[in-house]
Amino acid sequence: MSTSRVLSWSVTASGGYETAWVEDGDGVLRARGRAVGTTPEPYWVSYELDTADGFVTRRLRVTVEGAARTRSLDLRHDGRGGWTADGERLPGFGDALDCDLGLCPLTNAMPVRRHGLHRQPGERRLLMAWVSVPALTVRPSWQTYTYLGPGRTGTRVRFASGTFRSDLEFDADGYVVDYPGLATRLT
């Protein structure tokens, strides 16, 4: 059974906003999103995200429009450990199942939902194909998600990558409600 929803966040890290039109069900997520940011420069982002079973990324298409130029990225995962960016093979991503679009709270949902960390104790260290915004460069990023327990409006999950740590709050469906220092869901 598929569910459709619209999620919007105030994205403090970019000085902007994001809205995503999301369809999910049976371990698959599809989304179209738009964001506007003012930091480090004014830009618009448009993206389309498709996952396969288990919320494993299959494709992320992103376009960033700025005053000086427009950039785009077509990031694909073949389901067997191979990743490409605009048709070029990306080495060093073999264990990655997910993309992580920078400044986008939606992409934190995939690993949390796959492992049920919004519902039950656990910890997962995962390799991500991290995409910077607005530059659209792709690099490997090790990230750890740890269930912390109930929060104000949902479940708290600690996100850690390198020396960065933040305690995110997810709703009952596994979508970010609050990401301190990055974004807060609008109601």
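Here the structure is shown first, and the text comes after it.
A quick note: this is a predicted structure, and the numbers were derived from the prediction, not measured.

## Concerning the overall build of the protein
So, step 1. For the protein, the count of helices and strands is one helix and 15 strands.
So, step 2. Relative to its length of 187 residues, the protein is compact, with a C-alpha radius of gyration of 15 Å against a globular reference of 16 Å.
So, step 3. Taken along the three principal axes of its C-alpha coordinates, the protein extends 45 × 40 × 35 Å.
So, step 4. Out of the 187 residues in the protein, the part that is buried amounts to 51%.

## Quick notes on a nonpolar patch on the surface
So, step 1. Taken together, the side chains of Tyr 17, Val 36, Trp 44 and Leu 186 make up a nonpolar region of the molecular surface, amounting to roughly 420 Å² of accessible area.
So, step 2. Here Tyr 17 is to be found in strand 2 (residues 16-25).

## Comments concerning unusual backbone geometry
So, step 1. That bond from Thr 39 to Pro 40 is cis: its omega, 5°, falls within 30 degrees of zero.
So, step 2. Structurally, the position occupied by Pro 40 is in the loop between strand 3 (28-37) and strand 4 (43-52).
So, step 3. Here the residue pair Val 133 and Pro 134 is connected by a cis peptide bond, since its omega of 15° sits within 30 degrees of zero.
So, step 4. Its location among the elements puts Pro 134 in the loop between strand 10 (123-131) and strand 11 (138-150).
So, step 5. Its identity is not glycine, yet Asp 86 carries a phi of approximately 55°, on the positive side.
So, step 6. Within the secondary structure layout, Asp 86 lies in the loop between strand 7 (83-85) and strand 8 (88-89).
So, step 7. For Asp 86, a relative accessible area of 47% gives the class partly exposed.

## Notes on the nonpolar core
Looking at soluble globular proteins, one finds that nonpolar side chains tend to be buried together.
So, step 1. One finds Tyr 47, Leu 60, Leu 75 and Leu 106 to be the most contacted residues of the largest nonpolar core, which totals 48 residues.
So, step 2. At five residues, the largest contribution of residues to this core is made by strand 10.
So, step 3. Discounting chain neighbours no more than four positions away, the residues touching Tyr 47 are Glu 18, Ala 20, Ala 31, Arg 32, Gly 33, Arg 34, Leu 60, Arg 61, Val 62, Leu 101, Cys 104 and Leu 106.

## Digging into the environment of Arg 124
So, step 1. One can find Arg 124 in strand 10.
So, step 2. Every residue in contact with Arg 124, bar those within four places of it in the chain, is listed here: His 115, Leu 117, Gln 143, Thr 144 and Tyr 145.
So, step 3. Within the structure, Arg 124 has its side chain in polar contact with the side chain of His 115 (distance 2.9 Å).

## Considerations on the packing of aromatic side chains
So, step 1. Counting across every chain of the model gives three aromatic pairs.
So, step 2. Between Phe 159 and Tyr 179 the ring centres are 6.0 Å apart and the planes differ by 50°, which places this aromatic pair in the tilted class. You can see Phe 159 sitting in strand 12 (residues 155-161) and its partner Tyr 179 sitting in strand 14 (residues 176-179), a full 20 residues away along the chain. The pair Phe 159 / Tyr 179 is uniform in exposure class, with both members buried.
So, step 3. A network of ring pairs unites the aromatic residues Tyr 145, Phe 159, Phe 164 and Tyr 179 as a single cluster.
So, step 4. Just above the ring of Trp 142 sits the side chain of Arg 125; from NZ or CZ to the centre is 4.3 Å.

Criteria and cut-off values
Residues numbered from 1 in each chain as written. Predicted model: local features only at pLDDT ≥ 70, side-chain atom pairs only at ≥ 80, totals over all residues. Heavy atoms only, no water. Helix = DSSP H or I, 4+ residues; strand = E, 2+ residues; numbered from the N terminus. Rg over C-alpha atoms; globule rule 2.2 N^0.38 Å. Buried < 20%, exposed > 50% of the residue type's maximum accessible area, 1.4 Å probe, protein only. Patch = residues over 30% accessible without salt bridge, like charges linked within 9 Å, V, L, I, M, F, W, Y side chains within 5 Å. Areas by Shrake-Rupley, 256 points an atom, 1.4 Å probe, with all protein chains shown as cover. Salt bridge = Lys/Arg side-chain N within 4 Å of Asp/Glu carboxyl O. Core = buried A, V, L, I, M, F, W, Y, C linked by side-chain atoms within 4.5 Å. Contact = heavy atoms within 4.5 Å. Polar contact = N/O pair within 3.5 Å; in protein donor to acceptor, adjacent residues only side chain to side chain. Phe/Tyr/Trp six-rings, centres within 6.5 Å; stacked < 30°, edge-to-face > 60°. Lys NZ or Arg CZ within 6 Å of the ring centre and 35° of its normal.

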